[in-house]
Amino acid sequence: MVRLYNKKGIDRELNRWDGWIEEVAGTLRLPAPCIRAVLRREMGEMDVLDPAADGAAWFYWLRYRMRKGLCRLGLAKNPLPLVRKGPLGKRDSSTGFGQIFAYVAINAANYGVERGLCSYQWLGLPEGRRMEADRPEDLCLMWHYLRRSTRGNIALSALNLVSAGEEMNGHTDFASYTPEELQLAFTRYNANTRHITAYGRAVYQLYLQECGRH
């Protein structure tokens, strides 16, 4: 499979966003090498199928917005597209550097705000009300935001990792995590399982490499 990023490309992008990664790390009290390791792994696995998946989700939300307009004119009753299965019914896709789904990002944003780690404004999201992963309007907004904003994608991916760490280890003091606890947090970022996976072990090795670079 043709990858979208080679090692030099990943290095270039991570260096370009290094200042923001450091700011996110400081705000969320999360070691920057943890963020870089996850991003490096996710970017390294992106292939030509990822833009196709993004395109299917983009088309779904285009039809959603069009049907919302028809609803306002009284020409349709339901803003959701009629086709809800198969490629034409794909409402979400893992996107951006962190390859994060919109519903995951919404949950991560709420997690961060409710624990006082950050605000919706800092994340670049609208203030005023809690986002809901089962609300089409919020899912549409978040998916487009993750796709167009690298800053937002990185911040929400980092928040998802913090949430994963708390879920798996009971606290978010990443600096005190054992190697096993770090691997559990990395694993949970990628999959809903209680056991360390090959993904968790691979990201941990990238984390060690990032620690050696900085």
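Residues numbered from 1 in each chain as written. Predicted model: local features only at pLDDT ≥ 70, side-chain atom pairs only at ≥ 80, totals over all residues. Heavy atoms only, no water.

Remarks on the pattern of salt bridges
At step 1: Evaluation of the coordinates by the stated rule reveals 15 salt bridges.
At step 2: Its salt-bridge partner being Asp18, residue Arg36 comes within 2.6 Å of it at the nearest N-O pair. On the criterion of sequence distance, the pair formed by Arg36 in helix 3 (residues 32-45) and Asp18 in helix 2 (residues 18-28) is long-range, its members being 18 residues apart.
At step 3: We classify Asp18 as partly exposed; its relative accessible area is 24%.
At step 4: A salt bridge links Glu210 to Arg40; the nearest nitrogen and oxygen atoms lie 2.7 Å apart. Residue Glu210 is found in helix 10 (residues 198-213), and its partner Arg40 is found in helix 3; the two are separated by 170 residues along the sequence. For the pair shown, Glu210 and Arg40 are each scored as buried.
At step 5: One continuous salt-bridge network, built from bridges that share partners, spans Lys7, Asp11, Arg40 and Glu210. (Salt bridge = Lys/Arg side-chain N within 4 Å of Asp/Glu carboxyl O. Helix = DSSP H or I, 4+ residues; strand = E, 2+ residues; numbered from the N terminus. Buried < 20%, exposed > 50% of the residue type's maximum accessible area, 1.4 Å probe, protein only.)

Looking at the packing of helix 1 (residues 7-16) against helix 3
At step 1: Where helix 1 contacts helix 3, the two axes come as close as 10 Å, and the packing angle between them is 140°. As the angle between them shows, helix 1 and helix 3 are arranged oblique. Crossing of helix 1 over helix 3 shows right-handed handedness. Every residue of helix 3 that contacts helix 1 at Ile10, Asp11, Glu13 and Leu14 is listed here: Arg36, Leu39, Arg40, Met43 and Gly44.
At step 2: Across the contact of helix 1 with helix 3, the residue classes break down as 4 nonpolar, 1 polar and 4 charged. (Axes fitted to C-alpha atoms, helices over the stretch in contact; angles between N-to-C directions. Parallel < 35°, antiparallel > 145°, perpendicular 65-115°, else oblique. Left-handed = near helix turned anticlockwise from the far one by under 90°. Contact = heavy atoms within 4.5 Å. Nonpolar A, V, L, I, M, F, W, Y, C, P; charged D, E, K, R; others polar.)

Regarding a nonpolar patch on the surface
At step 1: A surface patch of nonpolar side chains, about 490 Å² in accessible area, is lined by Met1, Val2, Leu4, Val48 and Leu49.
At step 2: Note on placement: Met1 falls in the segment before helix 1.
At step 3: Given a relative accessible area of 65%, Met1 falls into the exposed group. (Patch = residues over 30% accessible without salt bridge, like charges linked within 9 Å, V, L, I, M, F, W, Y side chains within 5 Å. Areas by Shrake-Rupley, 256 points an atom, 1.4 Å probe, with all protein chains shown as cover.)

What about the packing of aromatic side chains?
Two aromatic rings, taken as a pair, are described by how far apart their centres are and by the angle between their planes.
At step 1: Applying the stated rule across the entire model yields 8 aromatic pairs.
At step 2: Between Phe174 and Tyr177, the ring centres sit 4.5 Å apart and the planes meet at 35°, which makes this aromatic pair tilted. Just as Phe174 is buried, Tyr177 falls in that class too.
At step 3: Taken together, the aromatic side chains of Tyr60, Trp61 and Tyr64 make up a single cluster linked through ring pairs.
At step 4: The ring of Trp20 has Arg151 sitting right over it, with the charged end atom 3.7 Å from the ring centre. (Phe/Tyr/Trp six-rings, centres within 6.5 Å; stacked < 30°, edge-to-face > 60°. Lys NZ or Arg CZ within 6 Å of the ring centre and 35° of its normal.)

With respect to the layout of surface pockets
At step 1: Counted as a void, the largest pocket has a volume near 480 Å³.
At step 2: If you go around the largest pocket, you meet 23 residues; those closest to its centre are Tyr103, Val104, Asn160, Arg188 and Tyr189.
At step 3: Every element with two or more residues in the lining of the largest pocket is listed here: helix 3, helix 5 (102-114), helix 8 (150-169) and helix 9 (179-190).
At step 4: Sorting elements by how many residues they give to the lining of the largest pocket places helix 5 first, with 6 residues.
At step 5: As a volume, the second largest pocket reaches approximately 170 Å³.
At step 6: Every residue lining the second largest pocket is counted, 15 residues in all, and those nearest its centre are Met46, Asp54, Thr95, Gly96 and Arg147.
At step 7: Elements represented by at least two residues in the lining of the second largest pocket include exactly helix 4 (49-72), helix 7 (136-148) and helix 8.
At step 8: Of the residues assigned to the lining of the second largest pocket, the class counts are 5 nonpolar, 6 polar and 4 charged. (1 Å grid on protein atoms, 1.4 Å probe; cavity = no way out; pocket = protein on both sides within 12 Å on 5 of 7 lines; lining within 4 Å. Points joined across faces, edges and corners; volume = space filled by probe spheres on them.)

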